[in-house]
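Architecture at a glance
Here is how the chains run, residue by residue.
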Amino acid sequence: MRPKVIRRLMLAFMLTLSAALPVACAGGSGADQELSAEPVTLRFTWWGSDDRHKRTQQVIELFQKKHPNITVRGEFKEWNGYWDSLATTVAANDAPDIIQMDELYLASYAERGALLDLNEARKHLDTAGFDGKALATGAINGKQYALPVGLSAYSIVVNTDLLAKYGVALPDDTKWSWEDLRKAGEQVSKAGGGTVWGIQSFGFNDAGGLNIWARQAGVSLFDDKGKVVVPPKVLQDYWSYLLDIAKNGIAPPPPVTVEKASAGLPQSATATNTAAFGAWWNTQLTAVTAASGAKLKLLRLPGEAQAKVPSAYYKPSMFWSVSSRSKHPAEAAAFVSFLSNDEEAANVLLTERGVPANQKLRAVINDKLKETDKIAADFLDKLPVSDPPRVTPNGASTIEAILKRHTENVLFGRSTPEQAATAFIKELQSEVDAAR
């Protein structure tokens, strides 16, 4: 049995077990009670790099100075081991009080009662600085199970040095279509003579592009109940577009595309200056610019002008959640509020966890940001967005791996776009059904 399947089954078993455990605070969460004057210890878990650990510890120390009776104990791990550890502690009724949460796993924990509805903690948790569409990214069925930490939006990163070199005009991103992107990419590819391509192919490392594609067609991947409802024709059109630009040399040949997609950001076609246009989250601009050394610019996605409503949406880099079984929910909520609203904390964290979801804090830290981070924040502030898609349903956290496999199958001719669409829907729905 594959390791991913084993982990998924283990997560489902542990969360099912945890749902049967008694909630710590009978008769209510206690999140609206006064903060205790007695000594309190909170456990706080997160994943990330050494830089994240250091910055987070500094913020913990700032909080403890303002709340001398509250001790916050950090528990940080690498991404790969984080979710197995969290599932184990939740099942054992020993979950950390404050949890750094990812969108892919939010529903898995929230829908089994493992997370506190933060609406119950409004006495201690200030959300006034958050846009309603940002808050909606952490809500399920009217309950606020998570508070977004950082925000990003899917975008096109264009290498303006390459456009200038090959005499290709910069598209107007307030009007352009997917056909306009194809034409501009074709111009670059012809001028590049096989060494530079117009478009870095997408559809491998995340579902952001597919989500946008579906929303522009007026549909969604999932309905409110978590059922896969995207029409096969929408998926067919998506893969037909990717197949077209690959076959016509507008994007790199499939082996090159797959190799670059697997190698990570530094080896991508955008970072190596071998493609003029690439799909990225706007907050990746700084990293891609540093890798490429070129002049890069953020553009809105094609097709937005033709859509009935903005299809772009806020994508949280991660969330803060509170365990529903925390013995100190009020204090845990107060700490989340500190992380999300305190200016001193913001000046330490900066954009390490993404452009702050709190609009007030974006203004506070602006002068301390790198120029590319400022551009990313400004892009986010000016981008027309609509309500976010439904939180990834329980069981569908494997969507990116499924999407990657079917994209490769289409590009390598192992399946047609029509076959891939049917198989994708069936496989993804079976994942959701198996988790129920």
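See above for the structure.
From N to C terminus, the protein chain includes 17 helices and twelve strands. Rg of the C-alpha trace for the protein chain: 22 Å, near the compact-globule value of 22 Å for 436 residues, within the 12% margin. Dimensions of the protein chain, computed from the C-alpha atoms along their principal axes, are close to 70 × 50 × 40 Å. By sequence separation, contacts in the protein chain at least 24 residues apart represent 79% of the contacts at least 6 residues apart. Of the roughly 18500 Å² that the protein chain leaves accessible, carbon and sulfur atoms contribute 52%. In the protein chain, the 48 positive side-chain charges and the 48 negative ones have mean positions that sit 4 Å from each other.

Let us look at helix α8 (residues 208-216). Side chains three or four residues apart in an α-helix point the same way, a direct result of the helix having 3.6 residues per turn. Counted residue by residue, α8 has nine buried out of nine residues, so it is predominantly covered. Here the buried face of α8 lies against β7 (154-159), α7 (178-192), α9 (232-247), β9 (275-281), α16 (399-411) and α17 (417-434). Once α8 ends, the next one or two residues include G218, with phi positive near 85°.

Our focus in this paragraph is unusual backbone geometry. Not every positive phi belongs to a glycine, and N141 is a case in point at roughly 50°. Mapped onto the elements of the fold, N141 is located in the loop between β4 (139-140) and β5 (143-144). Here the phi dihedral of N273 falls at roughly 60°; this positive angle occurs in a residue that is not glycine. When you line up the elements, N273 lands in the loop between α10 (254-263) and β9. Using a relative accessible area of 24% as the deciding quantity, one classes N273 as partly exposed.

To continue, consider the nonpolar core. Counting 131 residues, the largest nonpolar core has M101, Y109, W239, F277 and F424 as the members making the most contacts within it. Per-element accounting of this core gives the leading share, nine residues, to α9. Apart from the residues lying within four places of it in its own chain, the contact partners of W239 are L403, H406, T407, V410, P417, A420, A421 and F424.

With that out of the way, let us pick up the packing of aromatic side chains. Evaluated as defined, the whole model comprises 25 aromatic pairs. Both rings, one in F63 and one in F335, keep their centres 4.9 Å apart while their planes meet at 70°; by these two values the pair is edge-to-face. Highlighted residues: F63 in helix α2 (residues 50-66) and F335 in helix α12 (residues 329-341), separated in sequence by 272 residues. In this structure F63 comes out as buried when scored by relative accessible area, which is 1%.

Pairing in this open sheet of four strands is mixed, and the strands run β8-β9-β7-β10 from one edge to the other. Only two strands of the sheet have a single partner each, and these edge strands are β8 (197-200) and β10 (296-299). In this sheet, adjacent strand axes meet at a mean angle of 25° when their direction is disregarded. Summarising the sheet, β8 and β9 pair through three bridges and their orientation is parallel. Residue pairing in the sheet places W197 in a bridge with A275 of β9.

This part covers the environment of A107. Mapping A107 onto the fold places it in helix α4 (residues 103-110). Considering only alpha carbons, one finds A107 and G303, 196 residues apart in sequence, at a separation of 30 Å. Those residues in contact with A107 that lie beyond four places of it in its chain are I140, V391, T392, P393 and N394.

Thresholds applied
Residues numbered from 1 in each chain as written. Predicted model: local features only at pLDDT ≥ 70, side-chain atom pairs only at ≥ 80, totals over all residues. Heavy atoms only, no water. Helix = DSSP H or I, 4+ residues; strand = E, 2+ residues; numbered from the N terminus. Rg over C-alpha atoms; globule rule 2.2 N^0.38 Å. Contact = heavy atoms within 4.5 Å. Areas by Shrake-Rupley, 256 points an atom, 1.4 Å probe, with all protein chains shown as cover. Lys, Arg positive; Asp, Glu negative; His and termini not counted. Charge placed at Lys NZ, Arg CZ, Asp CG, Glu CD. Buried < 20%, exposed > 50% of the residue type's maximum accessible area, 1.4 Å probe, protein only. Core = buried A, V, L, I, M, F, W, Y, C linked by side-chain atoms within 4.5 Å. Phe/Tyr/Trp six-rings, centres within 6.5 Å; stacked < 30°, edge-to-face > 60°. Pairing = 2+ DSSP bridges. Axes fitted to C-alpha atoms, helices over the stretch in contact; angles between N-to-C directions.

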